[in-house]
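Residue strings, one per chain:
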Number of protein chains: 2
Amino acid sequence: MIILGIDPGLRTTGFGVIQKVGNKLRYIASGTIKSGEGDLPERLKVILDGVAQVAATYKPDCAAIEKVFVNVNPQSTLLLGQARGAAICALVTHELKVAEYSPTQLKQAVVGTGRATKAQVQDMVARLLALPGLPGSDAADALGIAICHAHSQATLSVVTNVHPALSGLRMKRGRLVG
Amino acid sequence: MIILGIDPGLRTTGFGVIQKVGNKLRYIASGTIKSGEGDLPERLKVILDGVAQVAATYKPDCAAIEKVFVNVNPQSTLLLGQARGAAICALVTHELKVAEYSPTQLKQAVVGTGRATKAQVQDMVARLLALPGLPGSDAADALGIAICHAHSQATLSVVTNVHPALSGLRMKRGRLVG
């Protein structure tokens, strides 16, 4: 199963693609989509086309996107909402089922605490996917969302299969550890 | 020139299509897209597909969308933003240039005061487009946005052509009157 994770943003949208083979997670790709300096419709088109291109290239079986923080500035919240809407549109256009996870769920799944720092997320994502170096912050969040979704699927399999018997990854207190 | 106006909303997205022939405005179509009761990605897909279908059916030359109010409830603002993002995605996918107007600009263009009521907008839209009855509130706003865009184009032609010589519509203090 190939999972596409998205960390939406108006300026920078992070994406991360991982593969779940049995109970192993394998890194496939990650990166960012920069929306540039155009007017809002142009920038939304960059996000739409960018996410669509990632989906067309890596042909994921499912997708997951981060629930965004409501900003203190309502205008920023509105802009972020539109960017997230564009990313979701690209996913549903590719007939992908889209799961949503909060930043707290992401951190809980990847680091083990909902109050983890960005650096901790980057570090754990690199460890869980055996990356040679740290991913950028946006890409790390996107990979983290994909891991969170894989984990959520694994948790479901615990319920049905009694024991996940994760090979390469271990599960500790309901989360995956390297 | 065929203009598509959009009044975005998560639950109901209004659309209005008008044609500008010389300086006359002609009603073509209007209606609403209801996003239904699915989860957020499903609802955004309904909006995306609905607006895309309107664009494919009426083949507008340009589009205009209402700038939305920032809601007192940040979560509502975020949802509205995502719905608006989906509508804009459908427009830019059809290679349409998308103009944006605030509710105040809409009311100013259609009724002549930025503090007009919804009922006044409906009434003036019906008069300006010689409709046999009042359009619904969402469709009226969408038609109003299209009129606002046509008007904005007319204003530009005032600058270049000295006098718009609107036939059927008159311009008074920078706005169209029936």
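Residues numbered from 1 in each chain as written. Chains lettered and ligands numbered in written order. Predicted model: local features only at pLDDT ≥ 70, side-chain atom pairs only at ≥ 80, totals over all residues. Heavy atoms only, no water.

An unreviewed UniProt entry lists chain A under the name Crossover junction endodeoxyribonuclease RuvC, with Pseudoduganella guangdongensis as the source organism. Per UniProt, chain A carries the Subcellular location (unreviewed entry) text "Cytoplasm". According to UniProt, the comment filed for chain A under the heading Subunit (unreviewed entry) is "Homodimer which binds Holliday junction (HJ) DNA. The HJ becomes 2-fold symmetrical on binding to RuvC with unstacked arms; it has a different conformation from HJ DNA in complex with RuvA. In the full resolvosome a probable DNA-RuvA(4)-RuvB(12)-RuvC(2) complex forms which resolves the HJ." (UniProt positions renumbered as here; feature names shortened; annotations may be inferred.)

## Some points on the overall build of chain A
Secondary structure summary: chain A contains five helices and seven strands in total. By residue count, 54% of the 178 residues in chain A fall in the buried class. Taking as baseline every contact in chain A between residues at least 6 positions apart, the subset at least 24 positions apart corresponds to 59%. As presented, chain A carries roughly 7,900 Å² of accessible surface, and 54% of it is formed by carbon and sulfur atoms. (Helix = DSSP H or I, 4+ residues; strand = E, 2+ residues; numbered from the N terminus. Buried < 20%, exposed > 50% of the residue type's maximum accessible area, 1.4 Å probe, protein only. Contact = heavy atoms within 4.5 Å. Areas by Shrake-Rupley, 256 points an atom, 1.4 Å probe, with all protein chains shown as cover.)

## Section: the interface of chain B and chain A
Of the residues lining the interface, 25 residues belong to chain B; the matching set on chain A comes to 25 residues. Across the pair lysine 97 of chain B and aspartate 39 of chain A runs a salt bridge whose closest N-O atoms are separated by 3.9 Å. There are four residue pairs in polar contact (both at pLDDT 80 or more) connecting chain B and chain A. When contributions to the side of chain B that touches chain A are tallied by element, the ones reaching two or more residues are helix H1 (40-58), helix H2 (74-93) and strand S5 (98-101) of chain B. Looking at the side of chain B that touches chain A, the element that brings in the most residues is H2 of chain B, giving 13 residues. For the side of chain B that touches chain A, the class distribution of residues is 13 nonpolar, six polar and six charged. (Salt bridge = Lys/Arg side-chain N within 4 Å of Asp/Glu carboxyl O. Polar contact = N/O pair within 3.5 Å; in protein donor to acceptor, adjacent residues only side chain to side chain. Nonpolar A, V, L, I, M, F, W, Y, C, P; charged D, E, K, R; others polar.)

## Things to note about helix H3 (residues 103-110) of chain A
All names here are of chain A. Among the residues of H3, Pro103, Leu106, Ala109 and Val110 are the ones counted as buried. For H3, the angular spread of buried residues about the axis comes to 130°, placing them on one side. Just downstream of H3 lies glycine 112, where phi reads positive at about 105°. (Arc of directions from axis to C-beta.)

## Focus: the side chain of serine 35 of chain A
If you trace the backbone, serine 35 of chain A turns up in the loop between strand S3 (24-34) and helix H1 (40-58). In this structure the side chain of serine 35 of chain A is engaged in a polar contact, spanning 2.6 Å, whose partner is the backbone oxygen of leucine 10 of chain A.

## Quick word on the pattern of salt bridges
Residue and element names in this part refer to chain B. The tally for this structure, following the rule as stated, stands at eight salt bridges over all chains. Its salt-bridge partner being aspartate 141, residue lysine 118 comes within 2.9 Å of it at the nearest N-O pair. In this pair, lysine 118 is assigned in helix H4 (residues 118-128) and aspartate 141 in helix H5 (residues 137-161), connecting sequence segments 23 residues apart.

## Quick word on the sheet that holds strand S5 (residues 98-101) of chain A
Residue and element names in this part refer to chain A. Read across the open sheet, the five strands follow the order S3-S2-S1-S4-S5; overall the sheet is mixed. Strands with a single pairing partner mark the edges of an open sheet, and in this sheet they are S3 and S5. Between one strand and the next, the sheet's axes are offset by a mean angle of 20°, whatever the strand orientation. Bridge count for strand S1 (residues 2-7) against strand S4 (residues 62-66) is four bridges, and the pairing is parallel. What sits directly across from isoleucine 6, in S4, is isoleucine 65. Helix-sheet contacts for helix H2 (residues 74-93) involve S1, S4 and S5, and the interaxial angle to S4 is about 175°. (Pairing = 2+ DSSP bridges. Axes fitted to C-alpha atoms, helices over the stretch in contact; angles between N-to-C directions.)

## Side note on the nonpolar core
With 55 residues, the main nonpolar core has Leu4 of chain A together with Leu4 of chain B as its most contacted residues. The contact partners of leucine 4 of chain A, leaving out residues within four places of it in the chain, are Phe15, Gly16, Val17, Val54, Ala55, Pro60, Cys62, Ala63, Ala64 and Leu91 of chain A. (Core = buried A, V, L, I, M, F, W, Y, C linked by side-chain atoms within 4.5 Å.)

## Examining the pairing of S4 of chain A
All names here are of chain A. With five of five residues buried, S4 lies mostly within the body of the structure. Going residue by residue along S4, you find Cys62, Ala64 and Glu66 tucked away on one face and Ala63 and Ile65 tucked away on the opposite face as well. By the bridge criterion, four bridges tie S4 to S5 in an arrangement that is parallel. Paired with alanine 63 across the bridge in S5 is valine 98. The parallel pair S4 and S5 is bridged by H2, and the resulting crossover is right-handed. (Right-handed = clockwise from strand over helix to strand, strands pointing away.)

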